[in-house]
Each structure stands twice: as C-alpha cells, then as structure tokens.
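Next come the chains, spelled out residue by residue.
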Amino acid sequence: MAARDTSPRPAFDAPVLAVTAGLEAVTAVDVAAAYGRRTIWSGATFSIQHGSFLAVLGPNGAGKSTLVKIILGLLQPAAGRLDVLGQRPRRGSSVIGYVPQGMAFDPELSIRGRDFIALGLDGHRWGLPLLSWARPDRKRAITDAIEAVGAAAYADRPMGRLSGGEQQRLLLAQALVGRPRVLLLDEPLSNLDVKNQGTIVGLIGEVARAQSLTVILVAHDVNPLLSLLDLVVYVAHGRVAVGRPQEIITSEALSRIYSAPVDVIKDRRGRIFVVGLDENEVAHPHAG
Amino acid sequence: MPAEFAVLLKVTNTAPSPSWNPLDDLALMTQYEFMVHAFQAGTVVAIVAGVIGYFVVMRGSAFAAHALSHIGFAGATGAVVLGVSPVFGLLAFTVGSGAIIGALGNRIRGRDVTIGIVLAWTLGLGVLFISLYTGYATEAYAILFGEILGISDRDVAIVVLAGVPTLLVLALLYRPLLFSSVDENLAAARGVPVTGLSIGFMAVLALAVTEAVQVVGVLLIFALIVTPAAIAVRWTRRPSAAVAVATGLALLFTWIGLSIAFFSPHPVSFFITSLAFGTYLVARIGETVARYMQSLRPADVAPRASTS
C-alpha cells in the first residue's frame, strides 16, 4: 500500500481482525441502519480490535454519520447487534470521547477553553459545580487534557477567538478529559488546511498511542491518515465494507464489494483517489 | 408618547431633594413603604434577571427573551379586560409561548422569523384588548413601562415566591444548560436532553420575564435581562464569574436607578435603562480602545505555531 513519503507507515502486521474475546472495541453483527422506513445501509459485520486506528470513508450522504450515531447510542440499529467494548452503546457513556462534525464556534463565544473542556468532564451532570475548586483531581484531569493536546498557551482565551486548528485541539481535549477508551471523531479535518490536517492527525495518533485508545475517525479524504491507519470502514451504496487499507482501497476490492466500476488512482506522491463510488459521479460520469 | 409618560410622571411627581449623604438619603427613602417594596422586589428581580441573562446571551436567545415580554403584553392586557390581575395573563402567555419557542429548538434557522410573526400578531391582540378595556389606561402603561414604585407588599411576596424557585431551577440546570448553550450536538451525545432543556429554559425565562416586567415593563426588558449579561461576557470568560458580574450589574442598575428616580421627577425605567445602556457603551468603547492600544504595540509576541 502507498504510504506518505514523509512519514512511512510503521510495520504493523498483527492480525487486527482476529477475534480475541474481550479486546474488541466495536463489534457489529449484520447491523442495518434506517431512518424510519428508509434503509441507509445494511449487512454490516465487522470487529475492531481495541487500540486500532480506524477511518470511516465513503461519499457524502452514504451514512457515515449514521454509523457514528449508532456507535454513540443516539440511534438504534434497525437490525443486528452492535457492541462497544462488549456492551450495547449507551447515550452519554463515558467510554467514548466524541468530537462532532462541523464544529464552528461563534466568534463571540465567550467561554475559556478550560471551561469548555470542563463541560466534557461533568457538563452533563445536574446542579452547580459546587466546590469544584476544592477538587484537585478535577483540575488535574483538565490540565492533563490541555497538555495532552498542547493547548496550554491558549486554554484561557475565549473559544470564539481561536483559530480552527486551536479549536480542534480543544475539542480533542474535551473528548479526552473523561478518560475514554474509544475516540470517535466525525470529520475533524474538514475545516482545516493541509498543514493543520497533518498536525492534528499526528496529534491524534500520538495521544491514541500514549493512552492506548481506539480511534474511529470519519474522513472525507484518506490521504492525511494513511501513515496511521490500521483499518478502513467503507460506507457506500447501502453497504459497509471493512478491511485493511492496502486490501480494501484497491480498484478490484471496491469494484467487487460495490458491484460497480470503481477506480483507485495513485498519484506520484502516493496519494490515493477513489473514483466511481459517489452517486453523483455514477450519474454524471463526465462531470468535473 | 407623551400620554404614557404623563401617567408615569404622576407616580413620582413629589420629588424630595437629596442630602448627598448616602446613609441619610437611604434612611429618607426607606421611610416610604413604596420605596421599601421597590427595593425588595427590584433586588429579587435583578438577581433573577442577571443570572438568566447570562444564559440568554450564551444561547443567542436575546430576541426570544424580547419577544416573550411582548407576547406577554397581550396576555396582560387580556387579563385586564377579563378583570383578572395582569400578572396571570402575562404568566400564561409568556410560559405558553416560551415552551413553544423552546420546542422549536436552537438550531432551527427560521426560528426568529417564526417568533417575529407570532410576536406581531400578539401585539395586535394586545392593541385590541386595550381598546376593549374601557377603564383607566394606567394599567396598560404600567405593563408597558413598569410600575415598581406602585407595588404592594402582596406583589413583593409574589415576586419572591416566583423568584426563588426560578433561581433554584437555574442552579439545577446550570451545567447541562451551559453545555447545550455552547454546543447542542456535543451535549446531546453526552446524554443531555437538549430539547427538554430548551423547553425548560424558555419556561423559566418566561417566569423571569414576567417578574422583570413588574420593574421595567415589557418594552424595557432588555435593560435588566440582556444588557448586564452582554457586558459581563465582555469582562470575563469564566461562566461563574460572568453570572456573578451580570447579577451585580443588574442589582446596581436597579438600586441606583431607584435612588435617582426617588429624588427626580422622571420615571425609574428611564434611569435603569440609561444606566444599563451607558455601562454597555463604556464597556464597548473600552474594549475597542484596549484592542487598538494592543495593535499599536510592536509585535513582541512570537507568531503562534500551528495556527491558520
């Protein structure tokens, strides 16, 4: 498989799909997703070993965020069974640290990064944060999360005034502060330029290794992630396919899975482009 | 609108002159029962308005707060027509419309348009109710501009009875409300019932609005709910400190406004709103000047790494 020339993928050939009881971050058995009577995708069967770095790929509107909602417990599967760390996902569970899609803070948002991160710790609890200043463990958890993402320099500035990259780091800290086992990031790179994308991906990989987390990252473009990926989940054409990137992101594999002519093109810098999965591309082959 | 002001002037047209000794002046004011009532009710209302104002500003619900009070106007005038205390009509209309606005949610783009349309209609209703009411017009003007100098000890008791539960509910909702104000998606994923919270908040806001109307009237509600909080979020970025600053400012505006009005022939509402507006203006200008001064300084700070 193609790796980015700047940071070659570490040799990691352990059988990630091996079924080892108790070590699965997420298992899905014949899961289907539907909104009302409209089925989004079905027949998703996969198992993700704990500690994997996973990308969820696929065209817009194919149901990537639907999978995220099921993993978070915000949406029940229409069929089948999905478990997170051996249990049915529960809304608000602290085992998952979550960064939602398209987070754009109001420039007038007058709350410090530090207080925003604190919300990730106990913002869902009722009542006043009484005596929070007298709880050193709470303070330490917040400071640890800020340091883990390297945001100490601007954690006391108002969120709305920070750059996209800085906000993304604080969002990550907010997801990490509750000490989750799984990090679920919905398109964390979409609002960033290429340089910041690389920085944030590197940071996520670093944190995941240090805290032995499973990372599930929804992405539009696989290229910034290639050096870290263990697994790819492809969501397209009503189906969910899972495999190692070098096995699944090939013209043959994707064409076979989706029974459609799909081309995987590599440019001379090793970047990958998938053509033919987007519904619009199929409908208008000459477009663009 | 000279007629309205004429009515309000009547309430305060016997203006004593101040001694300029704060203690003596306070002693003089508290000799009058209506001033004691005004300070008591004003204090409770200012605390409630300051606390809830922070969330109104954080949630971007300033227009909803404003609309609630105006929708309440129709309820209040309707109650007057029916011969009931206007507080009940006010409460019914603000809580009812508050719950509906809350159910519309924070994310819906057309929310403010919907609120505006309902608002216009209820104001029309209010005008109809005023025309139907054949009695003395003071009642309607009091609802519009407040009548804190004319409230009874029973009214004070009502304000306290409504204010204390409002504060308790806000204390209970504090963290999830702040969380969903910052980002609803994130809060929902963490298990915060965002829609229920949105409805609950608007209902509490409706209660607070109903109370604040007693002091400043429906037209001037911004001065006590929105302005102190809007100043507070410019002065501090810490939520707890911002709530404290907003409450403190609302109290100061109310107390100083009441004191000035006692020694002057002009209405309290004018002084409270002017104090609020003046402080906001000073805060904005101060901020602009501070930012300008900062930009004049040589770039001694190293450019921030990894930012775009």
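The shown structure was predicted, so the numbers you read here are calculated from the model rather than taken from an experiment.

Q: An account of the environment of Phe201 of chain B is needed here, citing residue identities and associated values.
A: All names here are of chain B. Here Phe201 is to be found in helix H10 (residues 194–216). Distance in space between the C-alpha atoms of Phe201 and Leu170 is 8.2 Å, their sequence separation being 31 residues. Ignoring any residue separated from it by four or fewer positions in sequence, one finds Phe201 in contact with Ile52, Phe55, Val56, Arg59 and Leu177.

Q: Any chance you could break down the pairing of strand E7 (residues 214–218) of chain A for me, citing the residues and the numbers?
A: Residue and element names in this part refer to chain A. With respect to burial, E7 is a largely interior element, five of its five residues being buried. Both faces of E7 are covered, namely the face carrying Thr214, Ile216 and Val218 and the face carrying Val215 and Leu217. As paired elements, strand E6 (residues 182–186) and E7 share five bridges and run parallel to each other. Along E7, the bridge assignment pairs Asp186 with Val218. At this point the chain moves from E6, through helix H5 (residues 194–210), to the parallel E7, and the crossover so formed is right-handed.

Q: With reference to specific residues and values, describe the pattern of salt bridges.
A: All names here are of chain A. For the structure shown, the criterion picks out 11 salt bridges over all chains. Its salt-bridge partner being Arg88, residue Asp83 comes within 3.9 Å of it at the nearest N-O pair. The class for Asp83 is buried, based on a relative accessible area of 10%. One salt bridge connects Arg112 with Asp115, and the closest N-O pair in it is separated by 2.9 Å. The pair Arg112 / Asp115 is uniform in exposure class, with both members buried. The network of salt bridges with shared partners includes Arg112, Arg114, Asp115 and Asp156.

Q: So what about the interface of chain A and chain B? Which residues, and what values?
A: In this complex, chain A contributes 40 residues to the contact, which on the side of chain B involves 32 residues. Between chain A and chain B, a total of about 3200 Å² is buried, with carbon and sulfur atoms accounting for 57% of that surface. Contact with chain B buries area across many residues of chain A, yet Ser110, Leu119 and Trp126 of chain A alone supply 19% of it, more than any other trio. At the boundary of chain A with chain B, the tally comes to two salt bridges. Taking the shortest distance from any N to any O, the salt bridge between Glu108 of chain A and Arg234 of chain B comes out at 3.5 Å. Counting across the interface, chain A meets chain B through 13 residue pairs in polar contact (both at pLDDT 80 or more). Secondary structure elements with two or more residues in the side of chain A that touches chain B: helix H2 (113–122), helix H4 (164–176) and H5 of chain A. Residues belonging to the side of chain A that touches chain B are distributed by class as follows: 16 nonpolar, 12 polar and 12 charged.

Q: Could you give an account of the packing of aromatic side chains, naming the residues involved and the relevant values?
A: Residue and element names in this part refer to chain B. The full count for this structure, using the stated rule, is eight aromatic pairs over all chains. The interplanar angle of 85° and the centroid separation of 5.8 Å between the aromatic rings of Phe55 and Tyr174 together place this pair among those described as edge-to-face. In this pair, Phe55 sits in helix H3 (residues 33–58) while Tyr174 sits in helix H8 (residues 153–182), placing the two residues 119 residues apart along the sequence. Accessibility classification places Phe55 together with Tyr174 in one group, the buried group. Taking the centre distance of 5.1 Å and the plane angle of 65° together, the rings of Phe270 and Phe271 count as edge-to-face. We classify Phe270 as partly exposed; its relative accessible area is 46%. Through a chain of ring-to-ring contacts, three or more aromatic side chains come together here, namely Tyr32, Phe34, Phe262 and Phe263.

Q: Which residues make up the domain arrangement of chain A, and what values do they have?
A: Residue and element names in this part refer to chain A. Split into domains, chain A comes out as domain 1 (11–95 + 180–200 + 211–249) and domain 2 (105–179). A straight line from the C-alpha centre of domain 1 to that of domain 2 covers 26 Å. Contact residues are listed per partner, giving 12 residues for domain 1 and 10 residues for domain 2. For the pair domain 1 and domain 2, the summed buried surface comes to about 900 Å²; carbon and sulfur atoms form 65% of the total. On the surface where domain 1 and domain 2 come into contact, there are zero residue pairs in polar contact (both at pLDDT 80 or more). Secondary structure elements with two or more residues in the side of domain 1 that touches domain 2: E6 and H5. Per-element tally for the side of domain 1 that touches domain 2: the top contributor is H5, with three residues. Grouping the amino acids of the side of domain 1 that touches domain 2 by side-chain chemistry returns seven nonpolar, four polar and one charged.

Q: Pulling in residues and values, what's your account of the nonpolar core?
A: Counting residues in each nonpolar core, the largest one holds 178 residues, and the members touching the most others are Trp41, Leu225, Tyr234 and Ile249 of chain A together with Leu205 and Ile225 of chain B. Top element by residues in this core is H3 of chain B. It accounts for 15 residues. Both of domain 1 (11–95 + 180–200 + 211–249) and domain 2 (105–179) of chain A provide at least three residues apiece to this core. For Leu225 of chain A, the residues in contact, after removing those within four places along its chain, are Phe53, Ala55, Leu189, Val201, Leu217 and Ala219 of chain A.

Parameters and conventions
- Residues numbered from 1 in each chain as written.
- Chains lettered and ligands numbered in written order.
- Predicted model: local features only at pLDDT ≥ 70, side-chain atom pairs only at ≥ 80, totals over all residues.
- Heavy atoms only, no water.
- Helix = DSSP H or I, 4+ residues; strand = E, 2+ residues; numbered from the N terminus.
- Contact = heavy atoms within 4.5 Å.
- Buried < 20%, exposed > 50% of the residue type's maximum accessible area, 1.4 Å probe, protein only.
- Pairing = 2+ DSSP bridges.
- Right-handed = clockwise from strand over helix to strand, strands pointing away.
- Salt bridge = Lys/Arg side-chain N within 4 Å of Asp/Glu carboxyl O.
- Buried area = accessible area lost by both parts, 1.4 Å probe.
- Polar contact = N/O pair within 3.5 Å; in protein donor to acceptor, adjacent residues only side chain to side chain.
- Nonpolar A, V, L, I, M, F, W, Y, C, P; charged D, E, K, R; others polar.
- Phe/Tyr/Trp six-rings, centres within 6.5 Å; stacked < 30°, edge-to-face > 60°.
- Domains from an automatic or database assignment.
- Core = buried A, V, L, I, M, F, W, Y, C linked by side-chain atoms within 4.5 Å.

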